[in-house]
Amino acid sequence: MFCLYFIDLEGGNVQISALFFETNNEVFMPKNESNELKNEFCPSGFPQAQGMYDPQNEHDACGVGFICNLHGKKSHDIIHHALEILVRLTHRGAVGSDPLTGDGAGILLQIPHNFYKRECMKLGIDLPAPKEYGTGLVFLPQDEQHRDVCKQILEETIASEGQTLLGWRKMPTNNANIGKTAKASEPEIWQIFIGRGDTVKDEREFDRMLYIIRKVAENKIFKSDMADKDDFYVPTLTCRIIIYKGLLLPEQMEEYYPDLLDPEFD
């Protein structure tokens, strides 16, 4: 079954302006915004191009779930329910000969500032106000020397772009129950915190700078002669959101990343 939603949240109202269900090459579309459905067959199996939708953009994709509080209220319950959605999408993933190694799972969420503030204080890192710093997970080689080289390149790039390195946090992980295949390629995972430079006027410009930092560092590392340079990977680096991910089954996410189980992680 294929579902596509166009949702308007303006003014605090949720309005579905288009909805499609596809089954057996028939597409069912609402007749109007009151969601009165009609059965309209499209030979291609997809709706005709309309508005922002174009069937040429259709492609195979993993399962995706979305949950939020419409009043903008943070809570750990949202994280809990998001992980539950992830588990219920297990059928959209795949496994190989190793039944404990999936083809990947992850969660994208707003930066849990209070949680990171607490954890960084333990490390002597003084985080500024939300959106005055950027953060992200950094996947690094297991080789300590190569790992240090990657971190140094990233730190040098931060300085050259006029931003401030606030510090590193070793990401707590628990790989006790992941598959042998996943363990064989498991990176060393650290979290980086970057302070906003004095010349950056707003969060959008800051996010652009963080993107530049990530891409410049990636290019430098990928052009190096390190044998394990492909183990360097930054899922995201922004002042607004963060991604936790890995070569995991959905049900392994919260055990692998203990952060996700902390009640203050919201």
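Preceding this paragraph is the structure being described.
Along each chain, residue indices are assigned from 1 in the same order as the chain's sequence is written. Residue-level local features of this predicted model are given only where pLDDT is at least 70; pairs of side-chain atoms are given and counted only at 80 or more, and the full residue set underlies all totals for whole chains, interfaces and linings. Heavy atoms from the whole structure form the basis of all side-chain values; hydrogens and water molecules are not counted.

## Re the overall build of the protein chain
Along its length, the protein chain carries 6 helices and 9 strands. Whether a residue is buried, partly exposed or exposed follows from its accessible area with a 1.4 Å probe, protein chains only, as a fraction of its type maximum: under 20%, in between, or over 50%, in that order. Relative to its full complement of 266 residues, the protein chain shows a buried share of 39%. Should any heavy atoms of two residues lie within 4.5 Å, those residues are considered in contact. Pairs at least 24 residues apart make up 65% of the contacts formed inside the protein chain by residues separated by at least 6 positions. Entry remark: accessible area of the protein chain is about 15500 Å², with carbon and sulfur atoms responsible for 51%. Every helix listed is a DSSP run of H or I at least four residues long, and every strand listed is a run of E at least two residues long, numbered separately from the N terminus. The protein chains shown are the only cover counted for residues, whose accessible areas, like all others here, come from Shrake-Rupley with a 1.4 Å probe.

## Thoughts on the environment of Leu 140
Counting through the fold element by element, Leu 140 comes out in strand β6 (residues 133–140). Separated by 88 residues in sequence, Leu 140 and Asp 228 have C-alpha atoms that sit 9.1 Å apart. The residues contacting Leu 140, other than those within four sequence positions of it, are Arg 147, Cys 150, Lys 151, Pro 187, Glu 188, Trp 190, Asp 231 and Phe 232.

## Notes on the side chain of Glu 119
Position of Glu 119 relative to the elements: it lies in helix α2 (residues 113–122). Two N or O atoms count as a polar contact when they lie within 3.5 Å, although within protein this holds only if one can serve as hydrogen donor and the other as acceptor, and sequence-adjacent residues are included solely when both atoms are side-chain atoms. Of the polar contacts made by the side chain of Glu 119, one reaches the side chain of Lys 122; its length is 3.0 Å.

## Quick notes on α2
If you check which residues of α2 are buried, you get His 113, Phe 115, Tyr 116, Glu 119 and Cys 120. Down the axis of α2, the smallest arc covering the buried residues is 155°, so these residues share one side. Opposite the buried face of α2, by more than 90 degrees, sit the exposed residues Asn 114, Met 121 and Lys 122. Arc definition: it is the arc formed by the directions from the helix axis to the C-beta atoms.

## Let's talk about the nonpolar core
In this description, a nonpolar core means a group of buried Ala, Val, Leu, Ile, Met, Phe, Trp, Tyr and Cys residues linked to one another through side-chain atoms lying within 4.5 Å. Within the largest apolar cluster, 28 residues are counted, with the highest numbers of intra-cluster contacts made by Tyr 116, Tyr 244, Met 253, Tyr 257 and Leu 260. Looking at this core, the elements that each hand over two or more residues are α1 (76–88), β5 (105–110), α2, β6, β8 (188–195), β9 (241–246) and α6 (253–256). Those residues within four positions of Tyr 257 in sequence are excluded, and the remaining contacts are Leu 137, Phe 139, Met 171, Pro 172, Thr 173, Ile 189, Tyr 244, Lys 245 and Leu 248. Phe 206, Ile 221, Leu 237 and Cys 239 belong to the second largest nonpolar core, which has 22 residues in total.

## Here we look at the pattern of salt bridges
By definition, a salt bridge exists where a carboxyl oxygen of Asp or Glu is found within 4 Å of a side-chain nitrogen of Lys or Arg. Enumeration over the complete set of coordinates arrives at 15 salt bridges. Glu 264 is the salt-bridge partner of Arg 118, the closest N and O atoms lying 3.3 Å from each other. Residue Arg 118 is found in helix α2, and its partner Glu 264 is found in the segment after α6; the two are separated by 146 residues along the sequence. Accessibility expressed as a relative area gives 25% for Arg 118, which makes it partly exposed. In this structure, Arg 169 and Asp 259 form a salt bridge, with 2.9 Å as the shortest nitrogen-oxygen distance. Taken together, the residues Arg 169 in strand β7 (residues 164–170) and Asp 259 in the segment after α6 connect sequence positions 90 residues apart. Taking the relative accessible area as the measure of exposure, Arg 169 reaches 4% and is therefore buried. Linked by salt bridges that have partners in common, Arg 118, Glu 119, Lys 122, Asp 262 and Glu 264 make up one network.

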